[in-house]
Amino acid sequence: MSGSALPSQFEGFADARKQGFLTVKNLKDEGKNVVGVFCTYSPVEVVLAAGAVPVGICAFSDETIAEAEKVLPRNLCPLVKSSYGFAITEKCPYIYFSDLIVGETTCDGKKKMYELLSDFKKVHVMQLPQTQSGETAKEMWRKEVSLLKDKIEEEFGVDITDESIKRAIRVKNEERKLLKEFYELSKSCPPPITGTEQLKVLYGSQFKFDYAQKNKELRATIDKIKQDYENGARNVPESAKRILITGCPLAGATEKIVKAIEESGGVVVAYENCMGAKTAERLVDENDEPYKAIADRYLQIGCSVMTPNNNRYELLSRLVKEFKVDGVVEMTLQACHTYAVETAMIRKLMQKENVPFTSVETDYSTSDAAQLKTRLAAFIEMLP
Amino acid sequence: MTKWFVGIDSGSALCKTALFDGKGVTDALAVKTGWNPGLSAAESLGCILKRNSLSRGDVCVSSTGYGREAIDFADCSFTEITCHAFGGMNLAPGIEGVIDIGGQDSKVIQIEGGRVTNFMMNDKCAAGTGRFLNMSCERLGLRLEDIDEFADPDEAIPVNNMCAVFAESEIIGLLAMQKDRSKIMTGVLQSIAQKIRQMTGKVGFTGTAPLLMTGGLSKSALLIRIIAQAISLDVITHELALFAGAVGACVCAGDKGRW
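Residues numbered from 1 in each chain as written. Chains lettered and ligands numbered in written order. Predicted model: local features only at pLDDT ≥ 70, side-chain atom pairs only at ≥ 80, totals over all residues. Heavy atoms only, no water.

Next up on the list: the interface of chain A and chain B. Opposite the 19 residues of chain A that make contact, chain B presents 19 residues. A combined buried area of about 1700 Å² lies between chain A and chain B, and 48% of that area is made up of carbon and sulfur atoms. When the area that chain A buries against chain B is broken down by residue, the three leading residues are T374, R375 and M382 of chain A, summing to 34%. Across the salt bridge formed by K373 of chain A and E69 of chain B, the nearest N and O atoms sit 3.4 Å from each other. If you look at where chain A meets chain B, you find five residue pairs in polar contact (both at pLDDT 80 or more). Only strand 8 (357-362) and helix 17 (369-382) of chain A provide two or more residues apiece to the side of chain A that touches chain B. With ten residues, helix 17 of chain A is the single largest residue contributor to the side of chain A that touches chain B. Here the side of chain A that touches chain B is built from residues that sort into seven nonpolar, five polar and seven charged. (Contact = heavy atoms within 4.5 Å. Buried area = accessible area lost by both parts, 1.4 Å probe. Salt bridge = Lys/Arg side-chain N within 4 Å of Asp/Glu carboxyl O. Polar contact = N/O pair within 3.5 Å; in protein donor to acceptor, adjacent residues only side chain to side chain. Helix = DSSP H or I, 4+ residues; strand = E, 2+ residues; numbered from the N terminus. Nonpolar A, V, L, I, M, F, W, Y, C, P; charged D, E, K, R; others polar.)

In this section: the sheet that holds strand 4 (residues 123-126) of chain A. All names here are of chain A. Sheet architecture is open: four strands sit in the order 2-1-3-4, paired in parallel fashion. The sheet is open, and its two borders are formed by strand 2 (53-56) and strand 4, each paired with just one other strand. When the angles between neighbouring strand axes are averaged without regard to direction, this sheet yields 25°. Two elements, strand 1 (residues 34-37) and strand 2, share four bridges in a ladder whose sense is parallel. (Pairing = 2+ DSSP bridges. Axes fitted to C-alpha atoms, helices over the stretch in contact; angles between N-to-C directions.)

Following C189 of chain A, the chain continues into P190 of chain A via a peptide bond in cis, with omega recorded as -10°. Here T307 of chain A and P308 of chain A are connected by a cis peptide whose omega angle stands at -10°. With respect to the helices and strands, P308 of chain A occurs in the loop between helix 14 (290-299) and helix 15 (310-322). One non-glycine residue with positive phi stands out, namely Q178 of chain B, at about 60°. Structurally, Q178 of chain B can be placed in the loop between helix 5 (164-176) and helix 6 (181-203).

Aromatic ring pairs are described here by two measures, namely the spacing of the ring centres and the angle between the planes. Residue and element names in this part refer to chain A. By the definition in use, this model includes nine aromatic pairs over all chains. With a centroid separation of 5.6 Å and 90° between ring planes, the pair formed by F60 and Y203 is classed as edge-to-face. Linking F60 in the loop between strand 2 and helix 4 (65-68) with Y203 in helix 10 (residues 195-204), this pair joins segments that are 143 residues apart in sequence. Summarising the burial analysis for this pair, F60 and Y203 share the class buried. Between Y94 and F207, the aromatic rings sit 5.0 Å apart at their centres with planes inclined by 40°, giving tilted as the arrangement. Residue Y94 is found in helix 6 (residues 93-97), and its partner F207 is found in the loop between helix 10 and helix 11 (211-230); the two are separated by 113 residues along the sequence. Accessibility expressed as a relative area gives 4% for F207, which makes it buried. The structure contains a cluster of three or more aromatic residues connected by ring pairs, namely F60, Y94, Y203, F207, F209 and Y364. (Phe/Tyr/Trp six-rings, centres within 6.5 Å; stacked < 30°, edge-to-face > 60°. Buried < 20%, exposed > 50% of the residue type's maximum accessible area, 1.4 Å probe, protein only.)

If you look at the biggest cluster of nonpolar residues, it comprises 157 residues, and the most contacted ones within it are F182 and I257 of chain A. Each of domain 1 (4-86 + 243-255) and domain 2 (97-237) of chain B contributes no fewer than three residues to this core. Excluding residues within four positions of it along the chain, I257 of chain A makes contact with I245, L250, V329, M331, V360, T362, L372 and L376 of chain A. In this structure, M120, F132, L140 and I147 of chain B belong to the second largest nonpolar core, which totals 41 residues. (Core = buried A, V, L, I, M, F, W, Y, C linked by side-chain atoms within 4.5 Å. Domains from an automatic or database assignment.)

Our focus in this paragraph is the domain arrangement of chain B. Residues and elements named next belong to chain B. When the domains of chain B are assigned, the result is domain 1 (4-86 + 243-255) and domain 2 (97-237). With eight residues of domain 1 at the interface, the matching set in domain 2 holds 14 residues. Here domain 1 and domain 2 share an interface that buries about 970 Å² over both sides, 71% of which is from carbon and sulfur atoms. Of the residues forming the side of domain 1 that touches domain 2, the biggest block, five residues, is contributed by helix 2 (residues 80-91). Its residues assigned to classes, the side of domain 1 that touches domain 2 shows five nonpolar, two polar and one charged.

For the rest of this paragraph, the subject is the packing of helix 10 of chain A against helix 12 (residues 255-262) of chain A. Residues and elements named next belong to chain A. Running from amino to carboxyl end, helix 10 crosses helix 12 at an angle of 155°, the nearest separation of the two axes being 9 Å. One finds that helix 10 runs roughly antiparallel with respect to helix 12. Residues G195, T196 and L199 of helix 10 touch helix 12, and the partners they reach there are E255, V258 and E262. Classifying every residue of the contact of helix 10 with helix 12 gives two nonpolar, two polar and two charged. (Parallel < 35°, antiparallel > 145°, perpendicular 65-115°, else oblique.)

What follows is the structure, given as C-alpha cells:
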C-alpha cells in the first residue's frame, strides 16, 4: 500500500510514545503525579480530575519477555509477560515514573501479575465484576470507582471537586468523540487512510498528555484528511478488501497482523480492539451523577472477561455493516483463554451476519511472520 | 496454440512442479526443496521445460508454497490455500474441500460453488504435520513410505501428546516399555487424524461430497482411512494429489488472465 499523503500528522502521534521518556520526566519535574493504568476499564477521569496524568502501561514488545519468564510461567499471555518485564527491568519510562499503578481484576493472568508487581510498585487493584447485567454488578463497580477516588485523593493529598470531575468527563468525552469521528472516516470507500495509519493515531493519542492540545490536533488531523479526500486524494485503491480487526489488544509487535493484511491486498478499516471502537464508542453521561455515570459507562466495555459478552457482539454486528466490511480477522494472543473461547461465538455470529471470518493466534515474536502472511493473504484471496 | 503454464509449489520439504496445458496436467516433477527454495524451483523449471522442448517464453510461471517469494522469476504467485483448492477442483471436480498435510503445516479448506469459503490451518505448532510424522518414523526406525506396510491396521497404542516435541518423548517412553512398534505407529496416525478433526469440526462440512487429501501423505491409504474414520466424512485422493498446489497455481494464473 502506498505511503500516506499526511506523513507528518501521523508521525506526530507515532512519535508521542517514543518521546515518552522526556515528556513524562518533564511532567514529573513540574510536580505532576503519574498514574499507570493497565486497561480500558480504568476510569481515567478520576485520575485527570485529581490533576494527575494517566498513562497506559500495557506493553506490546517481546523485548522484556525473557526477563519476565524468570518469574512468570512461559505459557502465559505475552501482554502480561511483557508488561511485567518492562516493570522489573525499568525499561518503560511510564511504569518507571508511575506514582501509582491502577489495575483491574480483568483476566486471571493480569490480576495475579499485579500481586507480583506490588512487591516493587504501588498498585491499586479495582475489583471488576465479571458481568455487566444486574444491579449487584453495577453497585459493586460504582463502589470500586468511589474507592479509587478515595485512594487517589489520599495518595496525592488532593480533593477532587465536583467541578473537576465534571470537567474531566467533558474532556475525555470530547477525545472519544474525536477518535470516533477520526476512525469513522474509514467508512468511505476507499478509506482515506490505511489501517496502519489509523492505528498510529489511535495508539499514539494515548501518549499525548495535554488533552486540550491533543483534541486540537485530532480535530486538525480529521479536517485535513477530510479536505484532502474531498479534493480527490486517494491513498488506498478501491479494490482493497475492507477488513475489520477484532480480538485481543493490538499494537506494537502485533501490528504484524495489520502489515500482513495490507501487504496482501487488504486494508484495515476498523478496529474493534481496546484501542479502537471498543472504548471510543461509549460516552460518560454528562447529565448523571458523575461517579455513577463513570462507573456505568466503563462497566459496559465489551471485553471477553465479561460473561456474557453481549456488548461485543452488538458492536461487531453494527461495525461490519457501518464500515461495509468484506472480512473480519480476529487476533488472539497465546494463552488468552477468554478471547480464545469466545472465538467460537464470534465465528457463529459472523456466519449469521454472512461475513467471512478468520481467527489467528499469535504472540509478540516475529517467528510466525511467514505463516501469518500466508494465512491472511489466503483469507483475502478467498473474499468474493 | 496451447497456453502453457508451469506451477511451482515450493513447500518446506518438497518442491513440486506441474506443467499444465490449460485443461490438465501433462507433466510433473518433485524434488527436495533443500536450503535454497529459489534454486530448487529454477532447476525444476529448467528440467520441465527441457524435457518438454519448451522455452521460458512459451510458459507462464505461477508460484505458491512457503518458498513462493523466493521464486522471483515467477510471473504471478498465490497462497497455497487458494492453490490447493483450485488444484483439488481440477483433479477431482465436485469435492467439498481439501485436506492437505504438508511438511510444516496442515490445512483444511472448504469449497462451495467453485470457490474457497473457509479454511483452517494449524497454529504455530508442528502437531499433525508431515514433520511430526517424519520425526515419529525416525524414532520408530521406519521409512515414511513404509507406513502402510508396517502400521497395525487394527490396533493402536494412543499417542496422546499433541505437541510434536512431547509426543517424541512419549514415543521414547513407549519404546522403553517395549510396546509394539506397529501399534505405536498407528497411534501416531490417529493423533494426526485428531488434529485434522479439530480443523474440520471448526469449518463445518456438510458431507454432501468427499474431501480430497493432497500433499505427500496422500500416498498412505491407511492414513486416509484413519482420517476418514476420525472426521466421519468421505476422503478420497488422486494419483497427482501431491501436485495439487502446483496445478492450482496454474489454474489461478489462467483465471487471472495472466497468459
